[in-house]
Every structure is written in structure tokens, then in C-alpha cells.
Amino acid sequence: MLKHANKHAEGGCAELGNLFFSTSIFDLPDDLDEWPNERDNISPADIDNVRRSTGARDVFTQRAIDAGFLEDAIFRPRLKGWMIENLKGHKFQEKQVDTTVVALLVKSAITQPENVHVIITGDADILPAIRVAYPEYSNNVFVATTHPDQLKSESRQTSYALADFDYSIEPFFLERKAEEILEGCNVYSCVHCNKVFSRPAPIPTRAQPCCNPCHQKRT
Ligand SMILES: [Zn+2]
């Protein structure tokens, strides 16, 4: 991404500045395991799910912090009973993360106009807010995201947001660098579907790399 900025930004871009990581991780109450006994609409499986997803997010966040990302934009809201119901219906929305990303980006871009600023997001819907708050964004802001072709039709609105966004520095499409981003010793790109995957053991050099879903389909 630094190389991308250096190549496309006027005046170049040689080093990384502040790195912010914005997410929201539930602060789990001590009596969480009692909830299924106390409430009709919460099962032990729900508690298990919330524990696992919170744990996974915690690990991911810690790795970002270890890699040098600042903790300022990490929220730890207390888990409440009603949230479990919304989580199950995928209706739980964490708005503070998106609004914080926009606020931080606009603040950096305005106070350091000579620097290049990148927003890494899977949700291009936050781009219009940047455009409104900082109309000069196209000079020194670029987006790292997935290419609109990778999105399902229900996310099409997102691709409009991206197409509407002007830039002098072209977007950085993450999937094109997937082979460099993915961790693991044996990273391959499938000859059939181009998906990038990793394996515990290397594929013999004579064989064609083929991902598991494609392999299942073909046998
Ligand atoms: Zn495949």
C-alpha cells in the first residue's frame, strides 16, 4: 500500500505515519453463562457464539496493536441482553466504528494536507461522508477495498459509492494482492476460480493448485 501511494501520489510517499484500527469488541459480563437460565430468548449456543466471535475479534485486534496500530479507536461496549437477539438476526449495527473512521480520516487529511491518507474498508458506504466533510479528498486520500466486481448484488449500492468517489490516487484493490497478504507458508491461487488459499503442506510442483471447493466440484 505504501508502494501504491509512493507510485501514485504527487511528490511520493516514503514512510508510514499513524495507523489507526477501528473496531468494537464486546466487554463480556461475568454472569454471561447465567443468561440462558434467566432469559427465555437466550440459549447456551448463543452465549457460545458470542464468546467465540468476541474471542476471535480480540485476537485479531491484538495482532493489529502488536503490528503498531493505535488503540484510540477501539471500542469496548458492555454486552447487553437485547444485543444477543439482534446479533442472531444480523441486525446489530455498530455505528461508532464507521463514524470514527470518517472523523479520524478527515481530521488527518485536513491537518496534514501534505501527506497521503488511506482508508481501508469493506464498506464504501462511508465514502460519501468523507466527500462532504473534506471536499479536497481526491488530492491526498485513497481507498483500499475489494473491487466492486467481487461484491454480491445486495452490496451494489457500495459499488455506486466507490464509482462516485473521485480520486487522483487510484483505489487499491485488496484481492489483487491477496497472495501477498495471506499468511501461511503454502499460499496458492486456484487455477479454476482464482481464489487464493493456503495449505498445511505444499502442493507438488507438477500439480496444478486447485482450491477445496473446486476440487469437490470436479471429483
Ligand atoms: Zn477454486
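What you see is a predicted model, and the numbers here were worked out from it, not measured in a lab.

Reading guide: rules and limits
- Residues numbered from 1 in each chain as written.
- Predicted model: local features only at pLDDT ≥ 70, side-chain atom pairs only at ≥ 80, totals over all residues.
- Heavy atoms only, no water.
- Buried < 20%, exposed > 50% of the residue type's maximum accessible area, 1.4 Å probe, protein only.
- Helix = DSSP H or I, 4+ residues; strand = E, 2+ residues; numbered from the N terminus.
- Pairing = 2+ DSSP bridges.
- Core = buried A, V, L, I, M, F, W, Y, C linked by side-chain atoms within 4.5 Å.
- Contact = heavy atoms within 4.5 Å.
- Phe/Tyr/Trp six-rings, centres within 6.5 Å; stacked < 30°, edge-to-face > 60°.
- Lys NZ or Arg CZ within 6 Å of the ring centre and 35° of its normal.
- Arc of directions from axis to C-beta.
- Expected span 1.5 Å × (residues − 1).
- Domains from an automatic or database assignment.
- Patch = residues over 30% accessible without salt bridge, like charges linked within 9 Å, V, L, I, M, F, W, Y side chains within 5 Å.
- Areas by Shrake-Rupley, 256 points an atom, 1.4 Å probe, with all protein chains shown as cover.
- Salt bridge = Lys/Arg side-chain N within 4 Å of Asp/Glu carboxyl O.
- Lys, Arg positive; Asp, Glu negative; His and termini not counted.
- Charge placed at Lys NZ, Arg CZ, Asp CG, Glu CD.
- Axes fitted to C-alpha atoms, helices over the stretch in contact; angles between N-to-C directions.

1. As for the pairing of strand 4 (residues 141-145)
Most of strand 4 sits inside the fold, with 5 of its 5 residues counted as buried. Of the pairings in the sheet, the one linking strand 3 (residues 117-120) to strand 4 comprises 4 bridges and is parallel in character. The residue of strand 4 that forms the bridge with isoleucine 120 is alanine 144. Here strand 4 runs beside strand 5 (residues 172-173); their pairing, made up of 2 bridges, is parallel. Counterpart to alanine 144 in the pairing with strand 5 is phenylalanine 172.

2. With respect to the nonpolar core
Ile119, Leu127 and Ile130 are the most contacted members of the largest nonpolar core, which has 16 residues in total. Residue contributions to this core peak at 4 residues, all from helix 5 (residues 95-111). Isoleucine 119 has contacts with Val101, Leu105, Ile126, Leu127, Ile130, Phe142, Val143 and Ala144, leaving out every residue within four places of it along the chain. Grouped together as the second largest cluster of nonpolar side chains are 10 residues, Phe26, Trp35, Met83 and Phe92 included.

3. Thoughts on the packing of aromatic side chains
The full count for this structure, using the stated rule, is 3 aromatic pairs. Linked through ring pairs, Phe21, Phe60 and Phe69 together constitute an aromatic cluster. The positively charged end of arginine 39 is found above the aromatic ring belonging to tryptophan 35, 4.5 Å away from the centroid.

4. Here's the deal with helix 4 (residues 81-88)
Each turn of an α-helix holds 3.6 residues, which means side chains three or four residues apart point in the same direction. Those residues of helix 4 that fall on the buried side of the exposure criterion are Gly81, Met83 and Ile84. Looking down the long axis of helix 4, one finds its buried residues gathered within 155° of arc, a one-sided arrangement. Those residues of helix 4 hidden inside the fold are in contact with helix 2 (35-38) and helix 3 (44-66). A positive backbone phi angle near 55° is found at histidine 90, which sits one or two residues after helix 4.

5. Comments concerning helix 3
Taking 1.5 Å per residue, 23 residues should reach 33 Å; helix 3 reaches 33 Å between its end C-alpha atoms and fits that length. If you check which residues of helix 3 are buried, you get Asp46, Ile47, Val50, Thr54, Thr61, Ala64 and Ile65. Buried residues along helix 3 sit against strand 1 (23-24), helix 2, strand 2 (74-75) and helix 4. Count one or two residues on from helix 3 and you reach glycine 68, which has phi positive near 110°.

6. Things to note about the domain arrangement of the protein chain
With domains assigned, the protein chain is organised as domain 1 (2-178) and domain 2 (184-218). Of note, the centres of domain 1 and domain 2, computed from C-alpha atoms alone, are 29 Å apart.

7. Some thoughts on a negative patch on the surface
Negative charge collects at one region of the surface, where Asp30, Asp31, Glu34 and Glu38 lie side by side. Residue classification places glutamate 34 among the partly exposed residues on the basis of a relative accessible area of 40%.

8. Some remarks on the sheet that holds strand 5
If you walk across this open sheet you meet the 3 strands as 3-4-5, and the pairing is parallel. Edge positions in the sheet fall to strand 3 and strand 5, since each has one partner strand and no second. Against the sheet, helix 5 makes contact with strand 3 and strand 4, and its axis sits at roughly 170° relative to strand 3, the strand it touches most.

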